[in-house]
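Descriptive analysis of the structure
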Number of protein chains: 2
Amino acid sequence: MSKRKPKLYEPCPIARSVDIFGDRWSLLILRDAFDGNRRFGDIQRSLGVARNILSHRLRKLVDAGILKMQSASDGSAYQEYVLTAQGERLFPIVVALRQWGERHLFSCGERHSHLLERATGKSVPLMIPVARDGTILTPEAAYVEKVI
Amino acid sequence: MSKRKPKLYEPCPIARSVDIFGDRWSLLILRDAFDGNRRFGDIQRSLGVARNILSHRLRKLVDAGILKMQSASDGSAYQEYVLTAQGERLFPIVVALRQWGERHLFSCGERHSHLLERATGKSVPLMIPVARDGTILTPEAAYVEKVI
DNA sequence: CAGTATCCCTCAAGATACTG
DNA sequence: CAGTATCTTGAGGGATACTG
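Described in the following lines is the structure provided in the data block. As the structure is a prediction and not an experimental result, all values here were calculated from the model.

About the thresholds
Residues numbered from 1 in each chain as written. Chains lettered and ligands numbered in written order. Predicted model: local features only at pLDDT ≥ 70, side-chain atom pairs only at ≥ 80, totals over all residues. Heavy atoms only, no water. Patch = residues over 30% accessible without salt bridge, like charges linked within 9 Å, V, L, I, M, F, W, Y side chains within 5 Å. Areas by Shrake-Rupley, 256 points an atom, 1.4 Å probe, with all protein chains shown as cover. Salt bridge = Lys/Arg side-chain N within 4 Å of Asp/Glu carboxyl O. Helix = DSSP H or I, 4+ residues; strand = E, 2+ residues; numbered from the N terminus. Axes fitted to C-alpha atoms, helices over the stretch in contact; angles between N-to-C directions. Parallel < 35°, antiparallel > 145°, perpendicular 65-115°, else oblique. Left-handed = near helix turned anticlockwise from the far one by under 90°. Contact = heavy atoms within 4.5 Å. Nonpolar A, V, L, I, M, F, W, Y, C, P; charged D, E, K, R; others polar. Buried area = accessible area lost by both parts, 1.4 Å probe. Pairing = 2+ DSSP bridges. Expected span 1.5 Å × (residues − 1). Buried < 20%, exposed > 50% of the residue type's maximum accessible area, 1.4 Å probe, protein only. Arc of directions from axis to C-beta. Phe/Tyr/Trp six-rings, centres within 6.5 Å; stacked < 30°, edge-to-face > 60°. Least-squares fit on C-alpha atoms with pLDDT ≥ 70 in both.

This next bit is on a nonpolar patch on the surface. A cluster of nonpolar side chains, Leu126(A), Ile128(A) and Ile136(A), forms an exposed patch at the surface whose accessible area comes to about 280 Å². With respect to the secondary-structure elements, Ile136(A) resides in the loop between strand 3 (114–117) and strand 4 (142–145).

In structure tokens:
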């Protein structure tokens, strides 16, 4: 990601999203946030990322309104990084990514982590786009209306 | 993404997904694929990406089983890049990304593209994770079972 | 048109030392 | 512990010329 174009006016929501998460670590930081990892050091150890990089990414996510800093809940003097309301709404993306990965990125006997419901202990149902009439929305049944 | 750790055994599906799309262009290429953009040159112009980079990304996506090359449908001698079945299952991720971006990355009067249903011309309902009992699955109601 | 090859440059990322 | 500062490296990316 160098020598980037100015990125003047980007009318595609996906393009703007990629501007925020389109790197090696941001989505993993968000995964950790949903898993309840709030402290700098915990995230750093969990990801194995260099601390200066983590510092940059956290700042970027805070600036984007996805995370916020607040005083640590355990009374220590330090800060925690927690999801904002806007950040919590990334849950569908994280779930969709995880479900796709669970299905397609592991060979048959290979073990991997699972997303489960706390209430039942069973796997979360596959998330699928639904149309207004309640049927499954296939890619062909949707289209993107471009702005002029 | 330099000096990467060997990435020996990565048990998290999101981490593996990020290994595939965790860059500036792959998600945009997939967006274009869902929009029906199949030709190298069309994608290149659409994204404004350098051709050598696009070449690399396309190969990576083909290697990952997300895209496949096939002869052009218009009878020309060239190839097209189209989604595989596995690639089509990325639709939820692309939709979730787009919906989140539509909602959070544009200021009030700012125009942006919209995802619509072909049948009705209306916007696609917001995709939300649902639990087995049919209720909305909140982040707190789910957890990740790690492998040992 | 659809790429590949080459060159160059920037910056993400890593390692480590340092500060409050 | 939670970062910041500094240095280094190399991969990602851009531009362009070239080939089938």
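Moving on to the environment of Ala64(A). The topology assignment puts Ala64(A) in the loop between helix 4 (51–63) and strand 1 (67–71). Taking the C-alpha atoms as reference, Ala64(A) lies 9.5 Å from Gln86(A); in sequence the two are 22 residues apart.

Two quantities define a packed helix pair, namely the angle between the axes and the distance from one axis to the other. One way to put it is that helix 1 (residues 13–21) of chain A packs onto helix 2 (residues 26–34) of chain B with a least axis distance of 9 Å and a crossing angle of 165 degrees. With respect to each other, helix 1 of chain A and helix 2 of chain B are oriented roughly antiparallel. Crossing of helix 1 of chain A over helix 2 of chain B shows right-handed handedness. Between helix 1 of chain A, through Ile14(A), Ala15(A) and Val18(A), and helix 2 of chain B, the contact on the second element is made entirely by Leu27(B), Leu28(B) and Arg31(B). Its residues placed into classes, the contact of helix 1 of chain A with helix 2 of chain B shows five nonpolar, no polar and one charged.

Across the boundary between the two partners, chain B contributes 80 residues, which contact 80 residues of chain A. Between chain B and chain A lies a buried interface of about 7500 Å² when both sides are counted; carbon and sulfur atoms form 63% of it. Summed over the shared surface of chain B and chain A, the number is four salt bridges. Between Asp19(B) and Arg24(A) there is a salt bridge whose closest N-O contact spans 2.3 Å. Ranked by residue count, the leading element in the side of chain B that touches chain A is helix 6 (residues 91–104) of chain B, at 13 residues. Looking at the side of chain B that touches chain A, its residues break down into 43 nonpolar, 13 polar and 24 charged. Inspection of the sheet shows strand 4 of chain A paired to strand 3 (residues 114–117) of chain B by four bridges, in the antiparallel sense. Residue pairing across strands places Tyr143(A) opposite Leu116(B), the latter belonging to strand 3 of chain B.

Residue and element names in this part refer to chain A. Under the 1.5 Å per step criterion, the end-to-end length of helix 4 is 18 Å for 13 residues, consistent within 8% with the ideal 18 Å. Among the residues making up helix 4, those that are buried are Leu 54, Leu 58 and Leu 61. Within helix 4, the buried residues cover an arc of 65 degrees as seen down the axis, which keeps them to one side. Along its buried surface, helix 4 packs onto helix 1, helix 2 (26–34), helix 3 (40–47), strand 1 and strand 2 (79–83).

Residues and elements named next belong to chain B. In the structure shown here, the tally under the stated rule is four aromatic pairs over all chains. Centroid distance Phe 34 to Phe 91: 5.3 Å. Interplanar angle 40 degrees. Geometry classified as tilted. Taken together, the residues Phe 34 in helix 2 and Phe 91 in helix 6 connect sequence positions 57 residues apart. Both residues of the pair, Phe 34 and Phe 91, count as buried.

Another aspect to go through is the relation of the copies chain B and chain A. You can overlay chain B on chain A at an RMSD of 0.0 Å; the transform is a turn of 180 degrees with a shift of 0.0 Å along its axis. One copy is carried onto the other by what is essentially a two-fold rotation axis. The position closest to the rotation axis in chain B is occupied by the C-alpha of Asp23(B), lying 2.4 Å away. Counting the interface residues of chain B, we find that 100% of their copies in chain A are interface residues as well, pointing to one common contact surface.

Turning our attention to the packing of helix 6 (residues 91–104) of chain A against helix 6 of chain B. It is at 9 Å that the axes of helix 6 of chain A and helix 6 of chain B come closest, and there the two elements cross at 170 degrees. Between helix 6 of chain A and helix 6 of chain B, the angle falls in the class roughly antiparallel. Here the hand of the crossing between helix 6 of chain A and helix 6 of chain B comes out left-handed. In contact with Pro92(A), Ile93(A), Ala96(A), Leu97(A) and Trp100(A) of helix 6 of chain A, helix 6 of chain B contributes Pro92(B), Ile93(B), Ala96(B), Leu97(B) and Trp100(B). Grouping the amino acids of the contact of helix 6 of chain A with helix 6 of chain B by side-chain chemistry returns ten nonpolar, no polar and no charged.

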